[in-house]
Amino acid sequence: METQFSLEDSPSFRMIRLDEVDSTNSYLRRLDMQDDQRPTLVTAEFQSAGRGADTNRWESERAKNLLFSLRLMPGNLPVRRMFAVSEVAALAVRDALNAFAPGFCIKWPNDIYYEDSKVAGILIENDLQGAKIRCSTIGIGINVNQRRFLSDAPNPRSLADIVGHDIERRLVLEQFMECVLQYMKSLDEGKDDVLDALHEHYKEGLYRMGEEHKFIDEMGVFCAKIIDVEQSGHIILQDAKGIRRYEFKQLKYII
Ligand code: BTN
């Protein structure tokens, strides 16, 4: 695997390395942009208050994993296509990890799974300004070299555990940046046909797509098949009774 991306501050890209912070997402959202439109990447060795997508924590042993946030200003992306940011982030993490071991996939909406274990999580926070997205903060935690997980997070696993040896974290981050810069071109264009193609790509090989599995919603456990994800990000399931449509946090998988 060859990476060309260099993690250096440049005219087109801003890089901030932190030893410790509450949360790289919170840090970036506090950061005064002062008209600096460059994509900004913040990394940390440790987060004292790392945030998850539906919990208020993200477990990560100091200096073992990748903890970072990327701030983008997708000025051409219509708010109705906001889910494309999530698709870009998930595809880039999946592709980056697949360069180290094939078999990673996206679990709706944006967890990265290897078999039935979660290797990476993504927390996206969009700041809107009228009908435009002022900026998107994409927070990513990738379990790279941690071997033991202590929190009650369901089914965590690391890349090192999968490949059988430690991996230099910088290589994974460089691979991610290379992938994300490619996918970001679709966001920069913001055109419907380009975003439609991105969306189709996102749906290819989605975890448990088209298979009968157990899920849980506010009414309880049920058995259904994922049949689609809408451009809005809603997931569509089918069971014996008909079609079910959910937004994030309304549906949990039973794994
Ligand atoms: C999830 O729950 O699946 C999302 C986890 C996202 C964790 C990352 S770590 C870097 C960034 N900063 C945070 O506080 N959270 C995200």
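Treat the numbers as computed from the prediction; the structure is a model and nothing was measured.

Chemist: How would you summarise the packing of helix H4 (residues 169-189) against helix H5 (residues 192-203) if you had to cite specific residues and measurements?
Modeler: Direction vectors running N to C along H4 and H5 enclose 140 degrees, while the axes themselves pass 8 Å from each other. One finds that H4 runs oblique with respect to H5. The two elements H4 and H5 meet at a crossing, and its hand is left-handed. Facing Tyr183, Ser186, Leu187 and Glu189 of H4, the residues of H5 in contact are Val194, Leu195, Leu198 and His201.

Chemist: Just give me the short version of the site of the ligand, but keep the residues and values in it.
Modeler: What surrounds the ligand is a group of 20 residues, the closest being Ser23, Gln47, Arg51, Ala53 and Lys118. Interatomic distance of 3.1 Å between a side-chain N/O atom of Thr24 and a nitrogen atom of the ligand. In this structure, Ala53 approaches the ligand through a main-chain N or O atom, which is 2.6 Å from an oxygen atom. Isolated, the ligand exposes 410 Å² of accessible area, and the fraction of that covered by the protein chains is 98%. Elements with a contribution of two residues or more to the shell around the ligand: helix H1 (24-30), strand S3 (66-72), strand S6 (117-129) and strand S7 (132-142). Element by element, the count of residues in the shell around the ligand is highest for S6, at four residues. The residue inventory of the shell around the ligand, partitioned by class, reads seven nonpolar, ten polar and three charged.

Chemist: Break down the packing of helix H2 (residues 83-98) against H5 for me, with residues and values.
Modeler: Geometry of a packed helix pair, given as the angle between the helix axes and the separation of the axes. Contact geometry of H2 with H5 gives a least axis separation of 10 Å together with a crossing angle of 50 degrees. Taken together, the axis directions place H2 and H5 in an arrangement best described as oblique. Considering how the two elements wind past one another, H2 and H5 form a crossing that is left-handed. Across the interface between the two elements, Phe83, Ala84, Glu87, Val88, Ala90, Leu91 and Arg94 of H2 pack against Leu195, Leu198, His199, His201 and Tyr202 of H5. Broken down by class, the residue content of the contact of H2 with H5 amounts to eight nonpolar, two polar and two charged.

Chemist: Any chance you could break down the pattern of salt bridges for me, citing the residues and the numbers?
Modeler: Between side chains of opposite charge, pairing is possible as soon as their charged atoms come close. With the rule as written, the count across this model stands at 27 salt bridges. Here Asp95 ties to Arg94 by a salt bridge, and the two come within 2.9 Å at their closest N and O atoms. Among the residues examined, Asp95 registers a relative accessible area of 22% and is labelled partly exposed. When the shortest N-O distance is used, the salt bridge between Arg157 and Glu115 registers 3.7 Å. Here Glu115 lies in the loop between strand S5 (111-114) and S6 and Arg157 lies in the loop between S7 and helix H3 (159-163), a separation of 42 residues in the sequence. For Arg157, a relative accessible area of 22% puts it in the partly exposed group. Linked by salt bridges that have partners in common, Arg29, Arg51, Glu125 and Asp127 make up one network.

Chemist: Describe the sheet that holds strand S11 (residues 242-246), listing the residues and the values that go with them.
Modeler: Strand pairing in a sheet takes place through backbone hydrogen bonds and is either antiparallel or parallel in direction. Strand order in the open sheet formed by five strands is S11-S10-S9-S8-S12, with antiparallel pairing between adjacent strands. The sheet is open, and its two borders are formed by S11 and strand S12 (252-253), each paired with just one other strand. By the bridge criterion, two bridges tie strand S8 (residues 212-217) to S12 in an arrangement that is antiparallel. By the bridge assignment for S12, Phe215 is matched with Tyr253.

Parameters and conventions
Residues numbered from 1 in each chain as written. Predicted model: local features only at pLDDT ≥ 70, side-chain atom pairs only at ≥ 80, totals over all residues. Heavy atoms only, no water. Axes fitted to C-alpha atoms, helices over the stretch in contact; angles between N-to-C directions. Helix = DSSP H or I, 4+ residues; strand = E, 2+ residues; numbered from the N terminus. Parallel < 35°, antiparallel > 145°, perpendicular 65-115°, else oblique. Left-handed = near helix turned anticlockwise from the far one by under 90°. Contact = heavy atoms within 4.5 Å. Near = heavy atom within 4 Å. Polar contact = N/O pair within 3.5 Å; in protein donor to acceptor, adjacent residues only side chain to side chain. Areas by Shrake-Rupley, 256 points an atom, 1.4 Å probe, with all protein chains shown as cover. Nonpolar A, V, L, I, M, F, W, Y, C, P; charged D, E, K, R; others polar. Salt bridge = Lys/Arg side-chain N within 4 Å of Asp/Glu carboxyl O. Buried < 20%, exposed > 50% of the residue type's maximum accessible area, 1.4 Å probe, protein only. Pairing = 2+ DSSP bridges.

Without other data, these values stay purely geometric and don't point to any function.
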